[in-house]
Structures are given as C-alpha cells and as structure tokens.
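So you can see what is in the structure, the chains are spelled out below.
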Amino acid sequence: MELSLLWSGFKGFAQRVGRRTARTPLLLYYVLKSDATSMRDKALIYVSLAYLLLPFDVLSTRKFGIFGWTDEFLSINIIFDRMQKYITPVMYAEAERQLNEWNL
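Scope of this entry: the structure provided in the associated data block. This one's a predicted model, so the numbers in the text were calculated from it and none came from an experiment.

Cut-off values and rules
- Residues numbered from 1 in each chain as written.
- Predicted model: local features only at pLDDT ≥ 70, side-chain atom pairs only at ≥ 80, totals over all residues.
- Heavy atoms only, no water.
- Patch = residues over 30% accessible without salt bridge, like charges linked within 9 Å, V, L, I, M, F, W, Y side chains within 5 Å.
- Areas by Shrake-Rupley, 256 points an atom, 1.4 Å probe, with all protein chains shown as cover.
- Salt bridge = Lys/Arg side-chain N within 4 Å of Asp/Glu carboxyl O.
- Helix = DSSP H or I, 4+ residues; strand = E, 2+ residues; numbered from the N terminus.
- Buried < 20%, exposed > 50% of the residue type's maximum accessible area, 1.4 Å probe, protein only.
- Axes fitted to C-alpha atoms, helices over the stretch in contact; angles between N-to-C directions.
- Left-handed = near helix turned anticlockwise from the far one by under 90°.
- Contact = heavy atoms within 4.5 Å.
- Nonpolar A, V, L, I, M, F, W, Y, C, P; charged D, E, K, R; others polar.
- Expected span 1.5 Å × (residues − 1).

**Some remarks on a nonpolar patch on the surface**
So, point 1. Judged by side-chain polarity, Phe 73, Leu 74 and Ile 78 come together as a nonpolar surface patch covering roughly 330 Å² of accessible area.
So, point 2. With respect to the element layout, Phe 73 can be found in helix H5 (residues 70-83).
So, point 3. Accessibility expressed as a relative area gives 54% for Phe 73, which makes it exposed.

Structure below.
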C-alpha cells in the first residue's frame, strides 16, 4: 500500500470517528512522512495505520460490537506513545489544518 492509498482512506475514517479520534492517526501519518523518522519506526507506523484503515480485523465490530475497536485502539495508541519523540509543533499544526479542511 502506497502513502497515497493510505492517505485516501483517512478522510472517510476521520469523518466516521470525529476530530478527536482522527487526530492521533493523522499525526502518525505525518511522522511516517518525516525524514527524521527511522525506517524501523516508519514500518511500525505503516503497519498500524494500514490495520486501522483496511477492512480486515482480528476483532470484528460486527461480531464484538464496540469491543471490536479494541485492537485498533491499542495498536494506534501504543505506536503513538512510541513515536512521540518525532512529533513536532509543525506536525500538530498541519494535523489541525487538515482536520479543519475536512470540517471536523
């Protein structure tokens, strides 16, 4: 999956989950694009974001209801905590600008 394909899934996801929930994976996307991020960390982010945006699931929301979001929530939040060192004020500003553009 290319970055452009990953990006194309963000808007629909963001509109479904809302601004607050969309902010974290959006920030991870900007960390993924950064030259300062190590290749190993980029791989971890990429896998986590792909799992969030792709239609397959270990814990299906159809089967487990709201608990079906647990695996995505844990994956994104664990990776986000690990990637805090890369997040800059510019990335925060860009994420907020993008969320505003999406009217969230």
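More follows now that the structure is in view.
**Side note on the packing of helix H2 (residues 19-33) against helix H3 (residues 39-53)**
Each packed pair of helices is defined by two parameters, the angle between the axes and the distance between the axes.
So, point 1. Put simply, H2 and H3 touch, their axes get as near as 9 Å, and they point 145 degrees apart. When the axes of H2 and H3 are compared, the crossing they make is left-handed. Mapping the contact onto sequence places Pro 25, Leu 28, Tyr 29, Val 31, Leu 32 and Lys 33 in H2 and Lys 42, Ile 45, Tyr 46, Leu 49 and Leu 52 in H3.
So, point 2. Of the residues in the contact of H2 with H3, the class split is 9 nonpolar, no polar and 2 charged.

**Description of H2**
So, point 1. An ideal rise of 1.5 Å per residue puts 21 Å on 15 residues; H2 measures up with 21 Å between its terminal C-alpha atoms.
So, point 2. For H2, every residue scored as buried is listed here: Ala 22, Thr 24, Pro 25, Leu 26, Leu 27, Leu 28, Tyr 29, Tyr 30, Val 31 and Leu 32.

**A look at unusual backbone geometry**
A negative phi angle characterises most non-glycine residues, just as the trans form characterises most peptide bonds.
So, point 1. At Asn 103, a position not held by glycine, the phi torsion is positive, near 60 degrees.
So, point 2. As for its position among the elements, Asn 103 is in the segment after helix H6 (89-101).
So, point 3. When its relative accessible area of 70% is taken as the criterion, Asn 103 is described as exposed.

**What to know about the side chain of Thr 24**
So, point 1. Structurally, the position occupied by Thr 24 is in helix H2.
So, point 2. If near-sequence neighbours (up to four positions away) are discounted, Thr 24 is found in contact with Ile 76 and Phe 80.

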